[in-house]
Structure formats: C-alpha cells, structure tokens
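Structural overview for review
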Amino acid sequence: MSEHRNILFVGTYSPADQDGIHVLSCDPETGRVQRLSSIGGIENPSYLAVHPDTNRLYAVSETADNGFVVAYQFDPVRNVLVELNRQPTGGGYPCHLSLDIEGAWLFSVNYMSGSVCLFPIREDGAILPLSDQIQHAGGSIHPDRQEGPHPHSIVNIPNTDFWLVPDLGTDQLYVYHHDKFRGKLKLQAGAVAEPGAGPRHVAFHPSMPMAYIINELNSTITAYRYERHTGSLTLLQTVSTFPVQYMGENACADIHISLNGEYLYGSNRGHDSITVFKVLQDGCLEQSVVAASGGKTPRNFALDPSNSFLLAANQDSDSIVTMKLNDRGIPESTGYAIELFKPVCLKFYQNY
C-alpha cells in the first residue's frame, strides 16, 4: 500500500450493540481497502455526510419511531470517531442527510413519516435542535411503496440557496429555498415525475445546470435542466438503467457523476450492476455499458477523489468491491474487496 491513503467512511444497517460506522483506508494507486477502526452505539447508521472543511462526520440513525441524526469528531491521526451529540428528527426512518457549503446547517429527510428536517450546527460541530420541519402529503400509484409521502434525499442545487428533495412516495420533486437568517425552508418550485417512477437520489453536473434523478421503482434516470435564479426544473430526457433484454425485477438506488462531467453512473439492485452513461454536450445521456457490481444489491457506491476507482457497497453480499475506471469511464474489476456487514453508504473524507 502506498504511503498516501484516502479515508473512506462506511455506514451500515447494524444494531446499536455492533460497530456500525467503519473507517477504511483506500490506496489511491491500487484501490485496495483496509479497515482502520469502527464505532457502535447507533442503530442503522445507514447514511453519512462529511463536513466540508473540518474533521466531522454526520450520520442518520434509521429507526422506525424515533429517528436521530448524530454528530462525530474524526481524529485523522488515530483514525477514530468520537460522538459529539445527537438530535431527534421528529419522524421515522431518516434515510439521508446533507450539509450546506459552510457546514453550518444539516438537512435530513424522514422517509417513513414523510418530512424534511433542518438543523443548525454549532461551531464545535454539535447539532442543535430542529429549526424547521416540512411535512409532505399525498401518494402515487404503486400499491405498496407509494401509499404516502417518502422523501428519499435532500441535496443542494450548486451555487444556490435551493435544496432539491426527490419524494419516492408522491412522484414529485420539491425545491426548497433555505432562509439562513431565519433557519426556515420555503417551497420554491418543483416538478412531477412519471407516475410510479419513485424518484430517489440526485446528481448535479459540475458545469452545466443539469440535475439527474435516479428513479427507484421504474429503473430510469431523468435529466432536468434547472434555472439557478428560480429553482425551476425542465424535463429533457428519460433513460432506462439496465439492458433492454433484462426481464427480472430491479430497483435503482444511487447516482453519481464524474468530476469532469463526462460520465454518469447509477446502481441497479436486482440486476446488481452499475450502469454507465456518456454525458453529451447538451446534457442528455447516452448509455455506454452496464457493468456487474461484484456483489448483491449495490445500494450505494462512490467515486474516489481522483475518479480513478468506483467502490460499490453491495448490501446483501456484505462486501465493498473496488473497480478501476478505464479511459472510457467503465468500471473494471481490480480483484480487491472487503467484507463488511450490510454496507449501505460510502463517503470519502476530503481533508486527509
């Protein structure tokens, strides 16, 4: 392993009496991963967010009745996490969280109870109580998954005060304006997805005003052009995430875009693959290849800081698999993998 290492945090579906958040090292030359430390005391730390410029990590505790968000301090010398505090989310199954660019606000969503949450962050990194919570309403056509609202993520629209929330349950995209002075969220704009699509996660192009939504229930990606001043969304394209000959069940999960904006990636659970799209000059997508994820149920994946490797968290085969990205952006097996219990979120630490 080379002297320089990238640090990777891993969230899992683990009980509180087991280590659920893991600190790994990733060799930037080979992609090989090794475990450095772990911490328990939190149930189902399924999604993580890294503070933009300090040694802090935030996690959800994805539980049915009383969800929490939890703050940690990371020691990059000893490679260990220490809990700072936790706050209730006021709802069930918080499944995603994000930080603003200054690291002063934490945004989260309660999947089961259908609400969007806003928390101030103290200068020492601790999370303060909720300053705002927005309740979604409605549903859509899927009999089991869309009986009510299920916001699945919340992500900042780059270089704006707008935050995009895909709601799997209502088949809608909500755009909220964040008032930093009052600590409040206000609905600004939105868009309606195809009935039964189940919008889940989002990736933004690094230079064009493009948002790409991965839809869990109908296994598609939708490309939208957004307006930076109003937050409005205009649908440009919808593409399938798996080969036309595949007839089995599938549910999409995660989506990421390369640093140069040339390639878009999405994960398929069921087909158990990573789909690769070439991003065209107008922001539309052209499918390049569908590559095996190296395991079962790739719920989440990550590109390393240099975009040399793609690491897939295969939840139901208890593994994180490293793939090398070739000069066409296609993942290829390295032979490196690590066993971890139900890995479901991968986040690289950028300050190491």
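One structure accompanies this document, and this report is about it. (Residues numbered from 1 in each chain as written. Predicted model: local features only at pLDDT ≥ 70, side-chain atom pairs only at ≥ 80, totals over all residues. Heavy atoms only, no water.)

**Description of the pairing of strand 9 (residues 105-110)**
This is how the line gets drawn: With a 1.4 Å probe rolled over the protein chains alone, any residue whose accessible area is under 20% of its type maximum counts as buried; one over 50% counts as exposed, and the rest are partly exposed. In this description a helix means any DSSP run of H or I spanning at least four residues, a strand means any run of E spanning at least two, and both kinds are numbered starting from the N terminus. Pairing between strands requires that DSSP locate at least two bridges from one strand to the other.
Counting buried residues in strand 9 gives 6 out of 6 residues, a clear majority hidden from the surface. Of the two faces of strand 9, the one lined by Trp105, Phe107 and Val109 and the one lined by Leu106, Ser108 and Asn110 are each fully buried. Between the end of strand 8 (residues 94-99) and the start of strand 9, which pair antiparallel, lie 5 residues, with Gly103 showing a positive phi angle near 75°. Alignment of strand 9 against strand 10 (residues 115-120), held across 6 bridges, turns out to be antiparallel.

**Here we look at the packing of aromatic side chains**
Inclusion rule: Within 6.5 Å between ring centres, the rings of Phe, Tyr and Trp (the latter by its six-membered ring) count as paired, and their orientation is classed by plane angle as stacked under 30 degrees, edge-to-face over 60, tilted in between.
One pass over the structure, following the stated rule, counts 7 aromatic pairs. Plain terms: the ring middles of Phe9 and Tyr349 are 5.9 Å apart, the flat faces sit at 65° to each other, and that makes the pair edge-to-face. Of this pair, Phe9 sits in strand 1 (residues 6-12) while Tyr349 sits in strand 28 (residues 343-349); the two residues are 340 residues apart in sequence, bridging distant segments of the chain. Measuring from centroid to centroid gives 5.0 Å for Phe74 and Tyr349, while their planes differ by 75°, and the two rings are edge-to-face.

**A few points about the nonpolar core**
Here is the rule we go by: For this analysis, a nonpolar core means a set of buried residues of the types Ala, Val, Leu, Ile, Met, Phe, Trp, Tyr and Cys, connected via side-chain atoms within 4.5 Å. Should any heavy atoms of two residues lie within 4.5 Å, those residues are counted as being in contact.
Core analysis: the biggest nonpolar cluster contains 28 residues, and Phe9, Ile21, Tyr58, Tyr72, Leu81, Leu97 and Leu106 have the highest contact counts within it. Those elements giving two or more residues to this core turn out to be strand 1, strand 2 (21-26), strand 4 (48-50), strand 5 (56-61), strand 6 (68-75), strand 8, strand 10 and strand 28. With 5 residues, the top contributor of residues to this core is strand 6. Non-local contacts of Leu97, meaning those with residues more than four positions away in its chain, are made with Tyr47, Leu48, Ala49, Tyr58, Ala59, Val60, Val69, Leu106, Phe107 and Ser108.

**Observations concerning the sheet that holds strand 3 (residues 33-39)**
The criterion, for reference: Axes here refer to lines fitted to C-alpha atoms; in helices the fit is confined to the stretch in contact. Angles between the N-to-C directions go from 0 to 180 degrees.
Sheet architecture is open: 4 strands sit in the order 3-2-1-28, paired in antiparallel fashion. Each edge of the open sheet is held by one strand with a lone partner, namely strand 3 and strand 28. Strand-to-strand twist across the sheet, computed as the mean angle between neighbouring axes with direction ignored, equals 25°. When strand 1 meets strand 28, the two strands line up antiparallel, connected through 6 bridges. Along strand 28, the bridge assignment pairs Phe9 with Lys347.

**Quick notes on unusual backbone geometry**
A negative phi holds for most residues other than glycine; trans holds for most peptide bonds. Notably, Thr297 is not glycine yet its phi reads approximately 65°, a positive angle. By the secondary structure assignment, Thr297 is in the loop between strand 23 (285-292) and strand 24 (298-303). Within the chain, Lys342 stands out as a residue other than glycine whose phi angle is a positive 45°. Summarising the element assignment, Lys342 is placed in the loop between strand 27 (331-339) and strand 28.

**Focus: the pattern of salt bridges**
Formally: Here, a salt bridge means any side-chain nitrogen of Lys or Arg that lies within 4 Å of a carboxyl oxygen of Asp or Glu.
Applying the stated criterion across every chain yields a total of 11 salt bridges. As a salt-bridge pair, Arg122 and Asp124 come within 2.7 Å of each other at their nearest N and O atoms. By relative accessible area, Arg122 is classed as partly exposed at 41%. Of the charged contacts in the structure, one is a salt bridge between Arg182 and Asp179, with a shortest N-O distance of 3.8 Å. Judged by its relative accessible area of 57%, Arg182 is exposed. Each of Arg145, Arg200, Glu216 and Arg269 takes part in one network of salt bridges that share partners.

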